[in-house]
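# Overview (structure and organization)
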Amino acid sequence: MKAALARLWLRNALGALTGLAALGLAVLVAWDSGTPADTSPPARIALAVLGDSSSHSYQDSLSFPPGSASRGGAFHARTFQWIEVLARLRGNELNPGPWVQWGQPSQMAWLRDLIGRHAGRTPRKEDYLYNFANSGATCRNLMGSPLQRYPQAPRLVELMDHDPGRWRNGIVVIRIGNNDSSAVIDDQARDPKAPEVLAAAAYCVEQIAAAIRLILAAHPKTRILLVGTDNEVNDPTIDKRHSTAAIANIQTAFDDFNAQLRELASTDARIAFFDLGAWLEGLWGRRGPDGTPAFKTVTIGGKLRVTNTVGDEPTHAELADHHGGLVWNALWAQSLVMRLREAFDLPLTPISDEEVARFVTAR
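The notes below deal with the structure included here. (Residues numbered from 1 in each chain as written. Predicted model: local features only at pLDDT ≥ 70, side-chain atom pairs only at ≥ 80, totals over all residues. Heavy atoms only, no water.)

### A look at the sheet that holds strand E7 (residues 271-274)
Whenever strands of a sheet pair, they do so through backbone hydrogen bonds, lying parallel or antiparallel. Filter applied, for reference: We call two strands paired when DSSP finds no fewer than two bridges between them. In DSSP terms, a helix is any run of H or I states spanning at least four residues, a strand is any run of E spanning at least two, and both are numbered starting from the N terminus. For this analysis, residues touch if any pair of their heavy atoms sits within 4.5 Å. Inter-axis angles, ranging from 0 to 180 degrees, are taken between N-to-C directions of lines fitted to C-alpha atoms, where helices are fitted over the stretch in contact.
With respect to topology, 5 strands assemble into an open sheet ordered E2-E1-E5-E6-E7, the strand pairing being parallel. Unpaired on one side and paired on the other, strand E2 (94-95) and E7 mark the two borders of the sheet. Bridge count between strand E6 (residues 223-227) and E7: 4 bridges; the pairing is parallel. Among the inter-strand pairings, Leu226 is bridged to a residue of E7, identified as Phe273. Of the strands in this sheet, strand E1 (45-51), strand E5 (171-175), E6 and E7 touch helix H8 (residues 195-218), which is tilted by about 165° from E6.

What follows is the structure, given as structure tokens:
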């Protein structure tokens, strides 16, 4: 009698577990990725982004709630990242997609990946549809791994596959690697050829190359703009932590990594390189041979003087949370348009100095 009751209990328990598993799977399958539609004119050039916090829109109210100290602090409402600048000044020509709150919780996206369902963007954020950059991302986030929940490139390609025609004239900007470089900056300072430094650079180049192959295999007429890393030597605060010799070593590691990115871009006419370090030095200068700051002042509209210093006011190149400030991003958006025209012969209207001045001084 007891054995029969035990078998009955076991069958009921297994039945309940099977039912719960089936219900869980049904919920997982039915969970709508909620991919927003892009109803904008296809004649506009689609613009997608893979990257880290330097490309994560500052006006994302989910990640940077109003009133927080992040991304401009008291000046947050008027502090824009470069994609936000482009959308406002050249949104009629470059299309980063509609501004949406979209994305899956990381665990749900990971589970949907496991069963072969469309996972959408992760993490959830308020941003342009085609912007897959997220704060804290490293090169591991480009292609992902079995334990990596934020693979940007595969999920972007899934989205691009919804409307392949839009991407026959599209652009994907890949700007990543700063977090990987920062993680080994002490090793760079000690020896730019240290195994940890070389391994970090090689891994990033490998992951970027894999992301490029994935995109171009699915959308061969899409163009890729590969952006170099920031030069941490010219960060306004770095001299507080490193000696002159260490700064020289960091510069060497930076040059070596960007040389690899430049070489990668040279392998295909559909890929171009943007030298961010040279761009920064062209505007604000660089340190002298002994590491002493020799930075310049950038004047906008004949009145606004911007220095390579840290603070949330527009007079600083870098925000208090160590991301590019309003002027930094507006000037980079201006240069980005020129680079896209030059590299891919795109019919983009240059952003004039007067437009930049009006934009950054508007209240």
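After presenting the structure, the write-up continues.
### With respect to the side chain of Asp180
Tracing the chain through its elements places Asp180 in helix H6 (residues 178-183). The contact partners of Asp180, leaving out residues within four places of it in the chain, are Thr138, Cys139, Ala200 and Cys204.

### Here we look at the nonpolar core
Going by this rule: Among buried residues, the Ala, Val, Leu, Ile, Met, Phe, Trp, Tyr and Cys ones that are joined through side-chain atoms within 4.5 Å form a nonpolar core. Buried residues are those whose accessible area, probed at 1.4 Å on protein chains only, stays under 20% of the maximum for their type, while exposed residues exceed 50% and partly exposed ones sit between those limits.
Core analysis: the biggest nonpolar cluster contains 45 residues, and Leu86, Trp279, Trp284, Ile300, Trp332, Leu340 and Val360 have the highest contact counts within it. Sequence-distant contacts of Ile300, defined by excluding residues within four places in its chain, comprise Val306, Val327, Leu331, Val356, Ala357 and Val360. Residues Ala46, Phe132, Val157 and Ala201 belong to the second largest nonpolar core, which totals 37 residues.

### Overview of the state of the cysteines
Quick reminder of the rule: Throughout, a disulfide means two cysteine sulfur atoms within 2.5 Å of one another.
Under the defined criterion, the tally for this structure stands at 1 disulfide. Disulfide partner of Cys139: Cys204, at an S-S distance of 2.1 Å. Across the S-S bond of Cys139 and Cys204 the torsion is about 100°, and the bridge reads as right-handed. Of the two residues, Cys139 sits in the loop between strand E4 (125-128) and helix H4 (140-143) while Cys204 sits in helix H8, which places them 65 residues apart along the sequence. Each member of the pair Cys139 and Cys204 is classed as buried.

### Comments concerning the packing of aromatic side chains
The cut-off we apply is this: Whether two aromatic rings pair depends on their centres lying within 6.5 Å, for rings of Phe, Tyr and Trp, where Trp uses its six-membered ring; planes under 30 degrees apart make the pair stacked, over 60 edge-to-face, and the rest tilted. Distance and angle both matter: a charge sits over a ring if NZ of Lys or CZ of Arg is within 6 Å of the ring centre and within 35 degrees of the ring normal.
Here the structure, examined in full by the defined rule, presents 8 aromatic pairs. Summarising the aromatic geometry, the rings of Trp99 and Tyr128 are spaced 4.8 Å apart at their centres and angled 70° between planes, so their arrangement reads as edge-to-face. Within this pair, whereas Trp99 is found in strand E3 (residues 99-102), its partner Tyr128 is found in strand E4, the two being separated by 29 residues in sequence. Assessed through its relative accessible area of 33%, Trp99 is described here as partly exposed. Ring centres of Trp279 and Trp284 lie 6.4 Å apart, and the angle between their planes is 80°; this geometry places the pair in the edge-to-face category. With relative accessibility at 2%, the residue Trp284 sits in the buried group. One aromatic cluster in this structure is built from Trp82, Phe274 and Trp332. For the cation-ring pair, Arg78 lies above Phe359, with the distance from its terminal atom to the ring centre recorded as 5.2 Å. Sitting over the face of the ring of Trp332, Arg175 holds its NZ or CZ atom 4.8 Å from the ring centroid.

### Things to note about helix H12 (residues 353-361)
In an α-helix there are 3.6 residues to a turn, and that puts residues three or four apart on one side. For H12, every residue scored as buried is listed here: Glu355, Val356, Ala357, Phe359 and Val360. Looking at the buried residues of H12, the elements they touch are helix H2 (82-90), strand E10 (297-300), strand E11 (304-310) and helix H11 (326-344).

### Digging into the packing of H2 against H11
We count it as follows: Oblique is the label for every angle not falling under 35 degrees (roughly parallel), over 145 degrees (roughly antiparallel), or within 65 to 115 degrees (roughly perpendicular). Left-handed describes a crossing in which the near helix is turned anticlockwise from the far one by less than a right angle; the clockwise case is right-handed. Three residue categories are used. Nonpolar comprises Ala, Val, Leu, Ile, Met, Phe, Trp, Tyr, Cys and Pro, charged comprises Asp, Glu, Lys and Arg, and polar comprises the others, including Gly.
Axis separation between H2 and H11 bottoms out at 8 Å; the angle between their running directions is 65°. Taken as axis vectors, H2 and H11 run roughly perpendicular relative to one another. Considering the relative orientation of H2 and H11, their crossing is right-handed. From H2, Trp82, Val85 and Leu86 reach across to H11, where they touch Asn329, Ala330, Trp332, Ala333, Leu336 and Val337. Split by residue class, the contact of H2 with H11 holds 8 nonpolar, 1 polar and no charged.

### Some details on the environment of Pro164
As for its position among the elements, Pro164 is in the loop between helix H5 (152-160) and E5. Residues Pro164 and Ala218 lie 54 residues apart in sequence; the distance between their C-alpha atoms is 8.7 Å.

### Description of the sheet that holds E11
Pairing within the open sheet is mixed, and its 3 strands lie in the order E10-E11-E12. Where the open sheet ends on each side, the last strands, each with one partner, are E10 and strand E12 (316-318). Between one strand and the next, the sheet's axes are offset by a mean angle of 40°, whatever the strand orientation. The pairing of E11 with E12 spans 2 bridges and is parallel. Paired with Thr307 across the strands is His316, a residue of E12. Sitting on the sheet, helix H10 (residues 276-284) is in contact with E10, E11 and E12, with an inclination near 125° to E11. Contacts from H11 reach E10, E11 and E12, with the element oriented near 75° to E10.

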